Amino acid sequence: MPELPEVETVKNSLKQLVLNEKIISVNVLYDKIIAYPKVEEFKNKLINQTITDIKRRGKWLMFELNDYYLLSHLRMEGKYLIRKKEDPLLKHEHVEFVFKDKSLRYKDTRKFGKMYLYEKENIFDKKPLNELGLEPWDSNLDIDYLKEKYKNKKLAIKTILLDQSIIVGIGNIYADEILFLSKINPFKKANELNSEELIQIIINTKKTLEKAIKLGGTTIKSYESSEGVHGNFQEQLLVHGNTSTCALCNNKVLKTKIGGRGTYYCETCQK
DNA sequence: CCAGCAGCCTGTGCGC
DNA sequence: TGCGCACAGGCTGCTG
């Protein structure tokens, strides 16, 4: 569950579940999830830390602790679950945070997720957060900002929308939706977009992500809906995953590949 | 510096 | 039923 609306939804539900819980012990079963520091140090530092808040920056979850921030990226399939502390770790549960009377499990089938643990000061100046672009609702996100950022980008706008150093939080599904609503062909080079098209991107990015957050995000793989967070935005998707016809012109929605990612668009409506 | 692509992992669904 | 392949909501690191 990886794009911004899903992470926002996870953040809000985790807040209800683990705020003010103190970590008693930590188990790591797959070391590569822990990007920094080394696993032993990661575990030791977390002991006796209380979760005082949970925030989000782009697709990163930020667990605020007494002395640290635990940063967690879900990548393709990461999710958090609450279980009884005495329950054995199930398949694909790679990291466990044990509290007084429950445990928080990080489950990630493909093991792509990453965690960082840093001292709280200057957290935004370090490793994963320091190169992130603007949040979709940042008042600095305007035409001039995009013009400057897109100036030398000759890649397809579809690819550029996924670039987290420009606007954070857009992933493969929402990129397709944003371009459809903006009536922009996903193959169009970013540096060739005109002002009107840039306005449309800004408006529709906000609109799409806001609506998705309201609906609890998008849940695509039905087999995963039994546990974790289940959103309803998938019912609102206009092009992504659409194997039939365009809602506007009734021509067939095309599926192609851009920058290695599956891309859906309407040739007629998106110029 | 850039664009393109393999790699990281596991599971599912499809065609044969 | 079994096998091989393409594909999956993300991102990094290597290549030319």
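On a predicted model such as this, the values are computed, not experimentally measured, just so you know.

About the criteria used
- Position numbers for residues count from 1 along each chain, tracking the sequence in the order it is written.
- The lettering of chains begins at A and the numbering of ligands begins at 1, in the order of writing.
- At least 70 in pLDDT is required for a residue's local features to be given in this predicted model, at least 80 for side-chain atom pairs to be given and counted, and no such filter applies to totals for whole chains, interfaces and linings, which use all residues.
- Side-chain figures throughout are based on the complete set of non-hydrogen atoms in the structure, without hydrogens or water.
- Criterion used throughout: strands pair if DSSP finds at least two bridges between them.
- To qualify as a helix, a DSSP run of H or I must reach at least 4 residues; to qualify as a strand, a run of E must reach at least 2; elements of each kind are numbered from the N terminus.
- A fitted line through C-alpha atoms represents every axis, and for helices the fit uses only the stretch in contact; the resulting angles, taken between N-to-C directions, go from 0 to 180 degrees.
- Contact definition: two residues touch when any of their heavy atoms are within 4.5 Å.
- We call a residue near a molecule or strand whenever a single non-hydrogen atom of that residue lies within 4 Å of it.
- We define a polar contact as two N or O atoms separated by no more than 3.5 Å, with the added condition that, inside protein, one atom must be a possible hydrogen donor and the other a possible acceptor, whereas residues neighbouring each other in sequence contribute only through side-chain atom pairs.
- The residue classification treats Ala, Val, Leu, Ile, Met, Phe, Trp, Tyr, Cys and Pro as nonpolar and Asp, Glu, Lys and Arg as charged. All others, Gly included, are polar.
- Here, expected helix span is obtained from the residue count minus one, scaled by 1.5 Å.
- Only buried residues count toward a nonpolar core, which is a set of Ala, Val, Leu, Ile, Met, Phe, Trp, Tyr and Cys residues joined through side-chain atoms within 4.5 Å.
- Think of it in three bands: residues with accessible area under 20% of the maximum for their type are buried, residues over 50% are exposed, and the middle band is partly exposed, with areas taken using a 1.4 Å probe on protein chains only.
- The term salt bridge refers to a pairing of a side-chain nitrogen on Lys or Arg with a carboxyl oxygen on Asp or Glu at a separation within 4 Å.

Visitor: I tried to follow the sheet that holds strand E4 (residues 60-64) on my own but got confused; where do I start?
Guide: To summarise the sheet geometry, strands pair through backbone hydrogen bonds and adopt either a parallel or an antiparallel arrangement. Taken together, the 5 strands give an open sheet; going across it, the order is E2-E9-E5-E4-E3, and neighbouring strands pair in mixed fashion. Every other strand in the sheet has two partners, leaving strand E2 (34-36) and strand E3 (53-57) as the edge strands with one partner each. The sheet shows a mean angle of 25 degrees between the axes of neighbouring strands, taken without regard to direction. In the sheet, E2 pairs with strand E9 (residues 114-119) via 2 bridges, with the strands oriented parallel. Directly across from Tyr36, in E9, lies its bridge partner Tyr116. This element, helix H2 (residues 39-46), spans E2, strand E5 (68-73) and E9 of the sheet and lies at about 60 degrees to E9.

Visitor: Got a minute to help me understand the protein's contact with DNA strand B in this structure?
Guide: Around DNA strand B, a shell composed of Tyr30, Lys32, Lys91, His92, Thr109, Arg110, Lys111, Phe112, Lys154 and Leu155 is seen. Near the protein, within 4 Å, the atoms of DNA strand B are sugar or phosphate in 69% of cases. Measuring from a sugar or linking oxygen of DNA strand B, one finds a backbone N or O atom of Thr109 at 3.5 Å. The contact in question runs from a phosphate oxygen of DNA strand B to an N or O atom on the side chain of Lys111, over 2.8 Å. Taken together, the residues of the surface near DNA strand B break down into 3 nonpolar, 2 polar and 5 charged.

Visitor: Please explain helix H6 (residues 195-214) as it appears in this structure.
Guide: Think of an α-helix as turning once every 3.6 residues; residues three or four places apart then point the same way. Over its 20 residues, H6 extends 29 Å from the first C-alpha to the last, a length consistent with the 28 Å expected when each residue adds 1.5 Å. Residues of H6 that are buried in the fold lie against helix H1 (4-18), helix H3 (143-150), helix H4 (157-161) and helix H5 (172-181). N-cap assignment for H6: the residue whose side-chain oxygen lies 3.1 Å from the backbone N of Glu196 is Asn194. Backbone geometry just downstream of H6 places Gly216 in the positive-phi region, at approximately 80 degrees.

Visitor: Got a minute to help me understand the nonpolar core in this structure?
Guide: Burial of nonpolar side chains together is a common tendency in soluble globular proteins. Grouped together as the largest cluster of nonpolar side chains are 28 residues, with contacts concentrated most on Phe42, Leu61, Phe63, Tyr80, Phe97 and Met115. For this core, the secondary-structure elements that each account for two or more residues are H1, strand E1 (25-28), H2, E4, E5, strand E7 (93-98), strand E8 (103-107) and E9. Counting residues per element, this core draws most heavily on H1, which supplies 4 residues. For Phe42, the residues in contact, after removing those within four places along its chain, are Val26, Val28, Ile34, Tyr36, Pro37, Leu70, Phe97, Met115 and Leu117. Residues Ile173, Ile178, Ala190 and Leu193 belong to the second largest nonpolar core, which totals 26 residues.

Visitor: Would you explain the pattern of salt bridges in this entry?
Guide: Side chains that differ in sign of charge can pair as their charged atoms come close. On inspection of all chains with the given rule, the structure shows 18 salt bridges. Note that Lys43 and Glu40 form a salt bridge whose closest N and O atoms lie 3.5 Å from each other. Taken together, the residues span about one helical turn, with Lys43 and Glu40 both in helix H2 at a distance of 3 residues. Here Lys153 and Asp163 are joined by a salt bridge, their closest N and O atoms 4.0 Å apart. Taken together, the residues Lys153 in the loop between H3 and H4 and Asp163 in the loop between H4 and H5 connect sequence positions 10 residues apart. When salt bridges with common partners are traced through the structure, they connect Glu8, Lys11, Arg56, Arg57 and Glu135 into a single cluster.

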